[in-house]
Amino acid sequence: MRALVLALALLFSTPALAAPICFTRAGDAVHCEAKGAMPLGWRLPPDEAARREMNLPHPSSGTILKAVAGLLLFFALIALLPEFDGARDRDWDSQEKQDRD
């Protein structure tokens, strides 16, 4: 019964809406009440947006390689972890065996 009530409550509830985002003349996202904010719905012109995108710093290939190597090392360490499910006696030391019994 509780599950049915919870499911109905989730089904018929309204989602929360986020506050609208406005932009400055430079294309920076700000709250609409902030000084220098353009009207709601205003967008940076496409040619100016493309120029701004080109001026953003991009990560170097060395930085990307370091991130990939770090992730590979992390996953390799996870793969090397010993298997432990607690079903074998050797998975437990003597004190833990006494606590299990």
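Quick caveat: nothing in here was measured; it's all calculated off a predicted structure.

Draft legend 1. Structural view of the overall build of the protein. What the protein contains, in helices and strands, is 4 helices and 2 strands. Seen in sequence order, the protein has helices and strands lined up from the N terminus as α-β-β-α-α-α. Within the protein, buried positions represent 8% of all 101 residues. The contacts of the protein with a sequence gap of at least 6 include a subset with a gap of at least 24, amounting to 6%. As displayed, the protein offers around 9400 Å² of accessible surface, 64% of which is attributable to carbon and sulfur atoms.

Draft legend 2. Representation of the state of the cysteines in the model. Counted according to the given criterion, the structure contains 1 disulfide. The disulfide partner of C22 is C32, and the S-S distance across this bridge is 1.9 Å. In this structure the cystine formed by C22 and C32 twists about its S-S bond by roughly 85°; its chirality is therefore right-handed. On the criterion of sequence distance, the pair formed by C22 in strand β1 (residues 21-23) and C32 in the loop between β2 (29-31) and α2 (46-55) is long-range, its members being 10 residues apart. Looking at C32, the relative accessible area reads 27%, which means it is partly exposed.

Draft legend 3. Just the environment of A49, in detail. Topologically, A49 is positioned in helix α2. Judged by relative accessible area, which is 31%, A49 ranks as partly exposed. Taking the C-alpha atoms as reference points, A49 and G27, 22 residues apart in sequence, are found 7.5 Å from one another.

Draft legend 4. Seen up close, the pattern of salt bridges. The tally for this structure, following the rule as stated, stands at 1 salt bridge. Here D28 makes a salt bridge to R52, at a shortest N to O gap of 2.3 Å. Here the residue D28 occupies a position in the loop between β1 and β2, and R52 occupies one in helix α2, the gap between them amounting to 24 residues. Take D28: its relative accessible area is 35%, and that puts it in the partly exposed class.

Draft legend 5. Structural view of the side chain of T24. Tracing the backbone shows T24 in the loop between β1 and β2. T24 has contacts with V30, G36, M38 and W42, leaving out every residue within four places of it along the chain.

Draft legend 6. Up close: the confidence of the model for the protein. Of all residues in the protein, 89% have pLDDT values of 70 or greater, and the mean over the chain is 85. Element-level mean pLDDT values for the protein span from 59 in helix α4 (residues 94-100) up to 97 in helix α3 (residues 61-79).

Each value, and the rule that gives it
Residues numbered from 1 in each chain as written. Predicted model: local features only at pLDDT ≥ 70, side-chain atom pairs only at ≥ 80, totals over all residues. Heavy atoms only, no water. Helix = DSSP H or I, 4+ residues; strand = E, 2+ residues; numbered from the N terminus. Buried < 20%, exposed > 50% of the residue type's maximum accessible area, 1.4 Å probe, protein only. Contact = heavy atoms within 4.5 Å. Areas by Shrake-Rupley, 256 points an atom, 1.4 Å probe, with all protein chains shown as cover. Disulfide = S-S within 2.5 Å. Salt bridge = Lys/Arg side-chain N within 4 Å of Asp/Glu carboxyl O. pLDDT = per-residue confidence, 0-100.

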